[in-house]
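Coordinates in review
Residues per chain are reported as follows:
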Amino acid sequence: MKAKNFKSYWEKFGTLAIFIVMWGVFAILAPGSFATSGNFVQIITQSATIMLLACGEFFAILLGGIDLSIGSVAAFTGMITAKLMVEGGMNPFLAVLLGAVLGGALCGFINGTLINLTGVHPFIITLGTQSVFRALTLIISNAQATFGMPKIFTQIFGGLWNGIPMAVVIALIVALICWFVTTKLTFGRNLYVMGGNRDAAWFSGINVKQHLLMVHTISGLCAGICGAVMAARLGAAEPNTATGAETEAIAAAIIGGTSFFGGKGKVPNVIVGALILGLISNGLNMCSVPTFYQNLATGLLLIAAVSLDQAVSRKK
Amino acid sequence: METLVEMKDIRKEFPGVVALDQVSFDVKAGEVHLLLGENGAGKSTLMKILSGIYTPTSGRIVMGGQEYAALTPKKSKELGISIIYQELSVVNELSIAENMFVGKLPTKKLFSVLPIVDRAAYEKKAEEAARRVGLKKPVSTLVGDLSISEKQMVEIAKALVENSKLLVMDEPTSSLTEEETRNLQNIIRELRAEGIGIVYISHKMKELREIGDRVTILKDGRTVATKEMTEIHSEQEIISMMVGRELQSTFFGKEDVDYKPENIIFKAENIKRKDGKTRDVSFELYRGEVLGVAGLVGAGRTELMNAIFAGESYESGRVWLDGREVKIGTPYTSIKNGIAMITENRRETGIFPNFGIKENLVLVNRLLKSGWGGFYGMIHEKQDEKVAEKEREEMQVKCASLSQLITELSGGNQQKVIVGKWLAANARVLIFDEPTKGIDIGTKTEMYKIMRSLAEQGVGVIMISSEMPELLGICDRIMVMNQGVKKGILDKAEVTEELILQTATM
């Protein structure tokens, strides 16, 4: 009974515990610079884009699948949004709605449709579309960055609001919506059901293909929003932006306790998972550790977190 | 003739069940020994003991002059026992020759150091084995490109390569055409002439006489008789030995069903599948009755119900519920219309292992309350709890709490949760596919009671079952199928096990 209690606590607060422990470690190692409120905001800001991507990725992994295309989708939608404003002279809000929101959703819709039509594992389909969307970005941009976006755009999506970066505000709103969808709507509950046993879900009347399509659309949508935020913060749409960002998003979801086999995971934990990634790179920076050691630390942490999770869940 | 293997007084207990009791069985070199019995009689268990998969609770196995209390799969192989299961275990992605040598490919040394696979050597041996079983395709052909009968020959050839002395064939002809069957029988005769002992399990009465030397009949885990085939004078004799059982009185009194057209709850007409696994099957289900569906493996019973419930491979045919025509589509549309199916494979298509009892109970109920095809709706924990609590009580699920994981329950209780799930979804017709598979006798009885009481309440109950006693015990009528075709509907007044078997193999 005691072990079971520990297990359920771990499932709820394990990720948070890792975050707090790591924060404590860095606070001891670099007390002057790390443990300040300014730096805390800095960590959240650094993690904001990963949070956005991780929210979408979470849905894909929840079904036992994956979405490898989100980095490319973010670059693609960021580029389209910038082009619409800079070259098309479009109203920034309309450009974001068309380019980032609808554009991202459409990219995800294409992923989902291809998975449903071919029956091929999402890993392979999205590996393919990862290249396709990246190539399209390079083609439409001629491999050049797009500058000169309207100030209102960079301010609203990349500026500050009462001292808090807008990127963080947007990421938290998206996370809140995702949390609501996964916990309060039947759609969300159906996803856990499908992730747990897809065949049984089908026999219980859940339209598994529709749900999968919706999941990838959501994943693309989050990536699209992330693309707009990235372009606004940078003040430019870079064709090579967010390369490899999907691996960080996957890492955030997994460190956040999402089961790679599907059917298990929580949005708040995924957000904490993204924060942990931000915390590592920030903390190691503060301790003057070179960048390549940061990758080492992230990799080891990922393995450690998942091993720990396995060890706990095997306990009965 | 020399005795190859002798199994003496074998007893095998599983938790709560005695699968085999005092069974003795022997095979001589150069004979075909038929092993007969109904589903669940213990044939497979006995053969699994021979292949070392199961350890007998008591008894001895004598082979090669030595006595064993139990065999291991490895030991069984070493002694020369090969089993060809009904579901063939060939690897489609490998060639014929590679399949024969799986796990034991001969090697040669490259530059006298590096061991590499000696293709020439194994293909030569494979060719010889292929010739012995009459397999004409080149041995480099991928097994995936072969017909079922050819795959079977690959399995036999594999046994020859292993120098098997004893070959067990479990329903080898269940998916073969008549010509392929004759061909297989010729091969079996040749192997017999070479001194190989063969155990032959089959349900097809006709071929038994042509091939068998001796016959052993099992029933409820006991040996009924072992006889020379020359002592057997008719198929009838075999059937009555297989069946001859007093019906247990633990079963239930049946309702008197009024077979009037206005009492038809559910009707299916000319259901046909694209893959041909059911062809033009029609049936009616009356208010208050339990309709049984009987048939041997491959009869197309599950396939029929899957086509109706899930639209699987559906080509044509119509269904009516309460006099209203219902479109065959997806499980969702069926459920919405009140048709539900309790699938045979509880673990794979029934339960949600990552959820508690509550979620498993309310899932479909909630889905139906939601809009947009189950897509859009809010979760109401309180309501869900009420629904779950009601069904838990109605089904008498034994559990510590509703939040307990479903995987922690016994098979029978899991089954009750699944039935509860459909009742919470207001199912009008419930299709049970092998509902008592893998559950203990006590819960079985409870399941029967549940089915009968559902029928009395006016819910349509269809039960696919391979267990004769339960079909006879609780069904009002039994539809018999074979090879995807309905062979007849038998009424409770006339039905006997023999009649079912006869109807099926007609």
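Residues numbered from 1 in each chain as written. Chains lettered and ligands numbered in written order. Predicted model: local features only at pLDDT ≥ 70, side-chain atom pairs only at ≥ 80, totals over all residues. Heavy atoms only, no water.

Let us now look at the overall build of chain B. Assigned secondary structure in chain B consists of 18 helices and 22 strands. For a compact globule of 506 residues, the expected C-alpha radius of gyration is about 23 Å, and chain B comes in at 26 Å, within 12% of that figure. Taking the principal axes of its C-alpha atoms as reference, chain B extends roughly 75 × 60 × 45 Å. Residues counted as buried form 54% of the 506 residues belonging to chain B. Long-range pairs, those at least 24 residues apart, make up 67% of the contacts in chain B with a sequence separation of at least 6. (Helix = DSSP H or I, 4+ residues; strand = E, 2+ residues; numbered from the N terminus. Rg over C-alpha atoms; globule rule 2.2 N^0.38 Å. Buried < 20%, exposed > 50% of the residue type's maximum accessible area, 1.4 Å probe, protein only. Contact = heavy atoms within 4.5 Å.)

Residues and elements named next belong to chain B. Strand order in this open sheet of six strands is β18-β19-β20-β15-β21-β22, and the pairing throughout is mixed. At either margin of the open sheet sits one strand with a lone partner, and together these are β18 (339-342) and β22 (485-491). Each neighbouring strand pair of the sheet contributes to a mean axis angle of 20°, computed without reference to strand direction. Bridge analysis of strand β15 (residues 290-294) against strand β21 (residues 477-482) gives four bridges, and the strand direction is parallel. Residue pairing for β21: Leu291 is matched across the bridge by Arg477. (Pairing = 2+ DSSP bridges. Axes fitted to C-alpha atoms, helices over the stretch in contact; angles between N-to-C directions.)

Turning our attention to the confidence of the model for chain B. Mean pLDDT over chain B works out to 87, with 96% of the residues at or above the 70 mark. Predicted confidence is poor over residues 246-250 of chain B, with pLDDT under 50, and the contacts of this stretch with residues over four places away or in other chains come to three contacts. (pLDDT = per-residue confidence, 0-100.)

Attention now moves to the packing of aromatic side chains. Taken as a whole, this structure holds 14 aromatic pairs over all chains when the rule is applied. Ring geometry for Phe58 of chain A against Phe59 of chain A: centres 6.0 Å apart, planes inclined by 75°, an arrangement best described as edge-to-face. For Phe59 of chain A, a relative accessible area of 1% puts it in the buried group. Arranged with centres 5.4 Å apart and planes meeting at 40°, the rings of Phe153 of chain A and Phe157 of chain A form a pair that is tilted. Here Phe153 of chain A and its partner Phe157 of chain A are both found in helix α7 (residues 151-158), four residues apart, which amounts to about one turn of the helix. Exposure remark for Phe153 of chain A: the relative accessible area of 1% places this residue in the buried category. Residue classification places Phe157 of chain A among the buried positions, given a relative accessible area of 14%. The structure contains a cluster of three or more aromatic residues connected by ring pairs, namely Trp23, Phe26 and Phe34 of chain A. Looking at Lys267 of chain B, its charged tip hangs above the ring of Trp320 of chain B, at a distance of 4.7 Å from the centre. (Phe/Tyr/Trp six-rings, centres within 6.5 Å; stacked < 30°, edge-to-face > 60°. Lys NZ or Arg CZ within 6 Å of the ring centre and 35° of its normal.)

Soluble, globular proteins show a tendency: their nonpolar side chains are buried together. One finds Phe266, Phe283, Met305, Trp422, Leu430 and Phe432 of chain B to be the most contacted residues of the largest nonpolar core, which totals 226 residues. Element by element, the count of residues in this core is highest for helix α11 (residues 208-234) of chain A, at 13 residues. Beyond its immediate sequence surroundings of up to four residues, Phe266 of chain B is in contact with Phe283, Glu284, Leu285, Ile308, Val319, Trp320, Leu321, Ile339, Val429 and Ile462 of chain B. In terms of nonpolar packing, the next biggest core, distinct from the first, is built from 27 residues, Val5, Leu46, Leu71 and Ile81 of chain B among them. (Core = buried A, V, L, I, M, F, W, Y, C linked by side-chain atoms within 4.5 Å.)

Another aspect to go through is the domain arrangement of chain B. All names here are of chain B. Taken domain by domain, chain B holds domain 1 (1-80 + 164-244), domain 2 (89-163) and domain 3 (262-505). Computed from C-alpha coordinates alone, the two centres of domain 1 and domain 2 are separated by 27 Å. At the interface, 17 residues of domain 1 touch twelve residues of domain 2. Carbon and sulfur atoms make up 58% of the area that domain 1 and domain 2 hide from each other, which totals about 1200 Å². For the interface between domain 1 and domain 2, the tally reads two salt bridges. One salt bridge in this structure joins Arg132 and Glu194, with 2.4 Å as the shortest N-O distance. Taken together, domain 1 and domain 2 are joined by four residue pairs in polar contact (both at pLDDT 80 or more). Contributing elements (two or more residues each) for the side of domain 1 that touches domain 2: β9 (166-170) and α6 (178-193). (Domains from an automatic or database assignment. Buried area = accessible area lost by both parts, 1.4 Å probe. Salt bridge = Lys/Arg side-chain N within 4 Å of Asp/Glu carboxyl O. Polar contact = N/O pair within 3.5 Å; in protein donor to acceptor, adjacent residues only side chain to side chain.)

With that settled, the discussion passes to the confidence of the model for chain A. Overall, the predicted model of chain A reaches an average pLDDT of 91, with 97% of residues at or above 70. Per-element averaging of pLDDT across chain A places helix α2 (residues 31-34) of chain A at the bottom with 81 and helix α6 (residues 122-141) of chain A at the top with 97.

This paragraph deals with the interface of chain A and chain B. Tallying the contact residues gives 25 residues for chain A and 33 residues for chain B. Among the residues chain A hides against chain B, the three largest losses belong to Thr186, Arg189 and Phe203 of chain A. Together they make up 30% of the total. Across the salt bridge formed by Glu381 of chain B and Arg189 of chain A, the nearest N and O atoms sit 3.1 Å from each other. Our count for the contact surface shared by chain A and chain B stands at 14 residue pairs in polar contact (both at pLDDT 80 or more). Within the residue set of the side of chain A that touches chain B, elements represented by two or more residues are α8 (166-184), α9 (186-196), α10 (198-203) and α11 of chain A. Broken down by element, the side of chain A that touches chain B gets its largest block of residues, seven residues, from α9 of chain A. Across the side of chain A that touches chain B, the residue classes break down as eleven nonpolar, ten polar and four charged. (Nonpolar A, V, L, I, M, F, W, Y, C, P; charged D, E, K, R; others polar.)

Now for helix α18 (residues 497-505) of chain B. All names here are of chain B. Residues of α18 that are buried include every one of Glu497, Ile500, Leu501, Thr503 and Ala504, and no others. In an axial view of α18, the angular spread of the buried residues amounts to 165°, which keeps them on one side of the axis. Residues of α18 that are buried in the fold lie against α8 (235-243), β15, α17 (468-474), β21 and β22. (Arc of directions from axis to C-beta.)

Let's shift gears to the pattern of salt bridges. Where charged atoms from two side chains of opposite charge come close, those side chains can pair. All chains considered together, the criterion is met by 35 salt bridges over all chains. For Lys74 of chain B, the salt bridge identified is with Glu78 of chain B, shortest N-O distance 3.7 Å. Of this pair, Lys74 of chain B and Glu78 of chain B both sit in helix α2 (residues 73-78), four residues apart, roughly one helical turn. Among the ionic pairs, Lys272 of chain B bridges to Glu315 of chain B, the shortest N-O distance being 3.6 Å. Residue Lys272 of chain B is found in strand β13 (residues 264-273), and its partner Glu315 of chain B is found in strand β16 (residues 314-321); the two are separated by 43 residues along the sequence. Look at Lys272 of chain B and you get partly exposed, because its relative accessible area is 29%. Judged by relative accessible area, Glu315 of chain B falls into the partly exposed class, the value being 40%. The structure contains a network of salt bridges with shared partners spanning Arg189 of chain A together with Lys358, Glu359, Arg366, Glu381, Asp384 and Glu385 of chain B.

Residues and elements named next belong to chain B. Here six strands make up an open sheet; going across it, the order is β6-β9-β10-β3-β11-β12 and the pairing mixed. Each end of this open sheet is capped by a strand with a single partner; those strands are β6 (81-84) and β12 (222-228). In this sheet, neighbouring strand axes are inclined to one another by 15° on average, regardless of whether the strands run parallel or antiparallel. Across the sheet, helix α1 (residues 43-50) touches β3 (32-36), β6, β9, β10 (197-201) and β11 (214-219), and the angle it forms with β3 is around 135°.

In this section: the side chain of Ser95 of chain B. Examined against the element boundaries, Ser95 of chain B turns out to sit in the loop between β6 and α3 (96-100). Among residues more than four places away in sequence, those in contact with Ser95 of chain B are Val139, Ser140, Thr141, Leu142 and Val143 of chain B.

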